[in-house]
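What the coordinates show
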Amino acid sequence: MPGEAVTLQLGGYAGCVGAHWWGLQAAALRSPAEAAELRASALLRPERDTHTPRLVALELKGGVSAPRAGNAGAEGPVAWDGEVATYLEQDSAGGSAPRDSGSRTGDGASATAGSSNSPAQGTSPAPSPLRASQELHASSSTQLWSHHLNVRLHPKSIYVIRQYMQDGDCGCLEAFGQGESLLQDPGCVEELEDRLHFYVEECDYLQGFQVLCDLHNGFSGVGAKVTELLYDEYSGKGILTWGLTPVTSNMGDSQKNVYRLMNTALGIVHLSRHSSLFCPLSLRGGLGIKPQPPVTFPYINYDASLDSHSGAILAAALDTLTAPYRLCSSQGSMTHLAETLNFSGRKVVAAWASLPFPALWGCSLPDTLCSYQQDLPWKLLSSWEEQKGSCCFAQAVVLRGVCKENPISSCSGKQPLSPLHTCVSTEQMLQHYLHSVYPGTFSTAHVLQQPCSTLPPYPQFFSPLLTKQGFILDKPPSYSSTAVDSIPVLAALQSSSGLSTLLRSLYKDLQQLNTRRWASFFTAGVEQGDFQEALEELRTLSQCYETEFGAEDSEDEADSD
């Protein structure tokens, strides 16, 4: 049986992705127990009448609030028990601002501002699950992640840092150095360690930590210090870090865009340094200075301006990518997963996902895979422009949700149409497919019957060509489409030569910047010398992924520099 993991959410967008991810865990708990393939207790802690995430979430003032009645869909959202800790560091004038080191406060984050289980007097009845989901996600992009939360949180989970505001023109956590300084205060570190120890000490076997961290703002600095603390205090435990960037962050503001670029580069260097694996995760077309169109999916019509939409997509990918160390039938752990991918100093990996996996209704899995021998059915979720001929060194692949509805082969008694049609199991078939598409690549493959749930509050942004189970129809149904309850998913973590493109492009963009123009970024706590060292470390990291052809290109670029 897999061990337990503690999850840390650092930042607003990390919270948005996390809220949808916890919703997926809650939906899985409602499935028949005998059908469970993923061990719920790997991420959740059982209580008397429910399960709560083993979670520590750091948020800013105004960044979290009690969910509103009716907004989380069929089952009314249950918020945490009304207790959050707050932390204020020294003010800019040097005086000591008050610090709450363990006492509780009735912040806007508190759930006790009226019961979230019963609507306010005079309000209309809660809408249907589908309508509630549609209304929720059609609203403003300023929705807080707690509005999408439909699980109970333990009082130890939420930690509000009041020194900075979530939104506004000033008082925001916008620079890497600001985030680092927060985790250099003894009171803040003590509060964080207390929460970590609470969860760690109740684990039977702690396999490690999942860190969901905003990469585009000052939380990248928070994450740098958090992963360093985990690395020092929990030696030998896995640390899987996901660097998250929303699609529309800081567009149209040159200063914020440059800050985002510098936060991203510093975050990748520091987070990967102290993590077992680090994966940038975003639906942005690129993390560089020039905006690129967002990632699109053929059967999802999402609004890229809504963090709740992009966050839901990333949550579904995350739920699938993390399956290898949550399987009931496997002894695999975070450390095992990391060791299959991070050799030769390649601690940064890329994420790919097919959401939903394009399986035609009634079509066999080998027929589906045979139709994608050249053009792979997944999209890159790590923000660089995919190039032909890139080399995959190692990968961990998960396919879920296709086995119950789709027979393995539709040609029994006939001459097999391809080698895939001769495979006796879906695991063997997926391995054969991966070896044919990625010859010479070390691949691990897992196949789950359990699909990814898309019940509310998951947004209903799917194509009308999808069935209720997420399979594809030849044409839209004549009747009005119903909500999609689940989807099949194919996802992979890859160590790929394409990562040199991402890392090198970030390095080049920053090399071309006149950092003297952005002195305010460095006054927040990052020294110019440390920044240049980080840039060189970023360049060295990019060289770990270069093949002979890529190395020649890199040398030419270095000569031109």
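My aim in this report is to walk through the structure given alongside it, one point at a time. (Residues numbered from 1 in each chain as written. Predicted model: local features only at pLDDT ≥ 70, side-chain atom pairs only at ≥ 80, totals over all residues. Heavy atoms only, no water.)

Quick look at the overall build of the protein chain now. Scanning the protein chain for helices and strands turns up 14 helices and 16 strands. When burial is assessed residue by residue, the protein chain has 58% of its 561 residues classed as buried. Contacts in the protein chain between residues at least 24 apart in sequence constitute 82% of all its contacts with a sequence separation of at least 6. Entry remark: accessible area of the protein chain is about 22600 Å², with carbon and sulfur atoms responsible for 48%. (Helix = DSSP H or I, 4+ residues; strand = E, 2+ residues; numbered from the N terminus. Buried < 20%, exposed > 50% of the residue type's maximum accessible area, 1.4 Å probe, protein only. Contact = heavy atoms within 4.5 Å. Areas by Shrake-Rupley, 256 points an atom, 1.4 Å probe, with all protein chains shown as cover.)

The final tally for this structure, using the stated rule, is 3 cavities of 30 Å³ or more. If you add up the space inside the largest cavity, you get close to 70 Å³. Lining the largest cavity, in full, are His20, Gly23, Leu24, Ala27, Arg30, Asn150, Ser453, Leu455, Pro456, Pro457 and Tyr458. For the lining of the largest cavity, the element with the most residues is helix H1 (residues 12–29), which contributes 4 residues. (1 Å grid on protein atoms, 1.4 Å probe; cavity = no way out; pocket = protein on both sides within 12 Å on 5 of 7 lines; lining within 4 Å. Points joined across faces, edges and corners; volume = space filled by probe spheres on them.)

All right, on to the sheet that holds strand E10 (residues 350–354) then. The 5 strands are arranged E11-E10-E16-E12-E13 in an open sheet whose pairing can be described as mixed. This sheet does not close on itself; its edge strands, each paired only once, are strand E11 (379–380) and strand E13 (442–448). Summarising the sheet, E10 and E11 pair through 2 bridges and their orientation is antiparallel. Bridging from a neighbouring strand, tryptophan 352 pairs with leucine 380 of E11. Lying on the sheet, helix H7 (residues 307–321) is in contact with E10, strand E12 (392–400) and strand E16 (489–496); it crosses E16 at an angle near 75 degrees. (Pairing = 2+ DSSP bridges. Axes fitted to C-alpha atoms, helices over the stretch in contact; angles between N-to-C directions.)

Another aspect to go through is the pairing of strand E7 (residues 206–214). Buried residues dominate E7, accounting for 9 of its 9 residues. Two strands pair when backbone bridges link them, and strand E1 (residues 4–10) and E7 are joined in this way by 7 bridges, in the parallel orientation. Bridge assignment links glutamine 9 to a residue of E7, and that residue is leucine 212. Alignment of E7 against strand E8 (residues 238–245), held across 7 bridges, turns out to be parallel. Bridge pairing in E8 places glutamine 210 opposite leucine 240. For the handedness criterion, the β-α-β arrangement of E7, helix H5 (residues 219–233) and E8 is classed as right-handed. (Right-handed = clockwise from strand over helix to strand, strands pointing away.)

Along the polypeptide, proline 155 turns up in the loop between helix H2 (129–137) and strand E6 (158–165). The class of proline 155 is buried, set by a relative accessible area of 14%. A sequence separation of 99 residues divides proline 155 from valine 56, and the C-alpha atoms of the two residues are 9.8 Å apart.

The subject of this paragraph is the packing of H5 against helix H6 (residues 254–273). A pair of packed helices is characterised by two quantities: the angle between their axes and the separation of those axes. Put simply, H5 and H6 touch, their axes get as near as 9 Å, and they point 5 degrees apart. Relative to H6, the element H5 lies roughly parallel. Along its contact with H5, which presents Ser220, Gly223, Ala224 and Thr227, the element H6 presents Asn263, Gly267, His270 and Leu271. Tallied by class, the residues present in the contact of H5 with H6 amount to 2 nonpolar, 6 polar and no charged. (Parallel < 35°, antiparallel > 145°, perpendicular 65-115°, else oblique. Nonpolar A, V, L, I, M, F, W, Y, C, P; charged D, E, K, R; others polar.)

Before going further, it helps to spend a moment on the packing of aromatic side chains. Applying the stated rule across the entire model yields 12 aromatic pairs. Arranged with centres 5.3 Å apart and planes meeting at 85 degrees, the rings of phenylalanine 522 and phenylalanine 531 form a pair that is edge-to-face. Phenylalanine 531 matches phenylalanine 522 in its accessibility class, with the two residues each being buried. Among the aromatic residues, those joined into a cluster by ring pairs are Tyr259, Phe521, Phe522 and Phe531. One cation-aromatic arrangement involves arginine 346 over phenylalanine 393; the distance from NZ or CZ to the ring centre is 3.8 Å. If you follow lysine 379 out to its NZ or CZ, it ends over the ring of phenylalanine 297, 6.0 Å from the centre. (Phe/Tyr/Trp six-rings, centres within 6.5 Å; stacked < 30°, edge-to-face > 60°. Lys NZ or Arg CZ within 6 Å of the ring centre and 35° of its normal.)

Turning to the side chain of serine 282, a few remarks are in order. Checked against the element boundaries, serine 282 lands in strand E9 (residues 277–282). Of the polar contacts made by the side chain of serine 282, one reaches the backbone nitrogen of arginine 284; its length is 3.0 Å. Residues within four places of serine 282 in sequence aside, it is in contact with Thr245, Pro246, Leu314, Leu381, Ser382 and Ser383. (Polar contact = N/O pair within 3.5 Å; in protein donor to acceptor, adjacent residues only side chain to side chain.)

As a further point, take unusual backbone geometry. Across the junction of leucine 355 and proline 356, the peptide omega takes the value -10 degrees, indicating a cis bond. Here the amide bond leading from proline 456 into proline 457 is cis, since omega sits at 15 degrees, within 30 degrees of zero. Assignment of secondary structure puts proline 457 in the loop between strand E14 (452–453) and strand E15 (486–487). Here the phi dihedral of serine 344 falls at roughly 60 degrees; this positive angle occurs in a residue that is not glycine. Of note, serine 344 is situated in the loop between helix H8 (334–341) and E10. For serine 383, which is not glycine, the phi dihedral falls at a positive 65 degrees. On the secondary structure map, serine 383 appears in the loop between E11 and E12.

Moving on to the side chain of glutamine 178. As for its position among the elements, glutamine 178 is in helix H3 (residues 176–182). With relative accessibility at 16%, the residue glutamine 178 sits in the buried group. Polar side-chain contacts of glutamine 178 include one of 3.0 Å to the backbone nitrogen of alanine 175.

Let's shift gears to the nonpolar core. Among the nonpolar cores identified, the biggest contains 89 residues, and Leu8, Leu196 and Leu230 are the most heavily contacted of them. For this core, the element with the most residues is H6, which contributes 9 residues. Excluding residues within four positions of it along the chain, leucine 230 makes contact with Leu8, Leu196, Phe209, Val211, Ser235 and Ile239. Counting residues in each nonpolar core, the second largest holds 67 residues, with Ala57, Cys279, Ala394 and Ile472 among its members. (Core = buried A, V, L, I, M, F, W, Y, C linked by side-chain atoms within 4.5 Å.)

Geometry only, nothing functional implied.
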